[in-house]
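# Commentary on secondary and tertiary structure
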Amino acid sequence: AMDARRHEATVFQAPTSEPITLEQAKLFAGVTSTTDDDLIGLMITGAVQYFQRKTGHQTIEATFEQAWDGFPCEFECDWGPVGSVSWIKYYDTAGTQQTLATTEYWTSLSARPARVIKAYGIVWPDVQYGRPESVTMRYTAGYALADNMEQGMLVAIMELVRHWYTERGPETHGGGIPKDVPYTLAALIDSYNLRGYR
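The structure contained in this document is the topic of the report that follows. (Residues numbered from 1 in each chain as written. Predicted model: local features only at pLDDT ≥ 70, side-chain atom pairs only at ≥ 80, totals over all residues. Heavy atoms only, no water.)

### A word on the environment of G56
Considering the arrangement of structural elements, one finds G56 in the loop between α2 (37-55) and β2 (62-68). Sequence separation of G56 and G83 is 27 residues, and the distance between their C-alpha atoms is 14 Å. When neighbours within four sequence positions are excluded, G56 is seen to be in contact with D78, W79, G80, L194 and R195. (Helix = DSSP H or I, 4+ residues; strand = E, 2+ residues; numbered from the N terminus. Contact = heavy atoms within 4.5 Å.)

### Points about the packing of aromatic side chains
Enumeration according to the criterion identifies nine aromatic pairs in this entry. Measuring from centroid to centroid gives 6.2 Å for F71 and F75, while their planes differ by 85°, and the two rings are edge-to-face. Residue class for F71 comes out buried when judged on its relative accessible area of 5%. For F75, a relative accessible area of 0% gives the class buried. Between F71 and W124, the aromatic rings sit 4.8 Å apart at their centres with planes inclined by 15°, giving stacked as the arrangement. Of the two residues, F71 is situated in the loop between β2 and β3 (75-76) and W124 in the loop between β7 (115-118) and β8 (135-141); the sequence distance between them amounts to 53 residues. The pair F71 / W124 is uniform in exposure class, with both members buried. Sitting over the ring of Y91, R131 keeps its end group 3.5 Å from the ring centre. The ring of F12 has R138 sitting right over it, with the charged end atom 3.7 Å from the ring centre. (Phe/Tyr/Trp six-rings, centres within 6.5 Å; stacked < 30°, edge-to-face > 60°. Buried < 20%, exposed > 50% of the residue type's maximum accessible area, 1.4 Å probe, protein only. Lys NZ or Arg CZ within 6 Å of the ring centre and 35° of its normal.)

### Digging into the pairing of β2
The element β2 is extensively covered by neighbouring structure, given that six of its seven residues are classed as buried. Relative to β2, strand β1 (residues 10-13) runs antiparallel, the two sharing three bridges. Residue pairing in the sheet places Q13 in a bridge with T63 of β2. Here β2 pairs with β8 via seven bridges, running antiparallel. Directly across from A62, in β8, lies its bridge partner A141. (Pairing = 2+ DSSP bridges.)

Next comes the structure, spelled out in structure tokens:
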């Protein structure tokens, strides 16, 4: 198969909670007042999104749909860790959406990023010529509970919240170029990167 263009995954079913609570974030940041609870709540959401975008690591479990312009040589998932692949669907040459049999592909969910490849001896079916996003995969990524996440991930998110709360301006070192986050925090976040350097 040709190397088909991959589109960015979209969230089909979002998480119902954040990996850290308002109470945990406030305790970590040393905040006792309730005055800024709404602000800290927004910062938690922002910190989770920042961590996820930087690493490709979904925190609390979500379901994604990702499309390709035809069948790629191998599928690579934007988000991890992938728990399961629900289905792969494609538009056949007549423009009818079909579901690919699970016997036609193998999953390598522990790979970084997670991969789906043709099973032995399988040839991908033809898709409708010229149709963008003709192949779609639905998969689940993330952790069922925050308790299942590594402690370092939770610390990184809480440290982001603490940093943004206490340092309202850009981070600089000796009057130098502003940094988005301190080096040690950036290094901790990068240690969970599933996508290679971003």
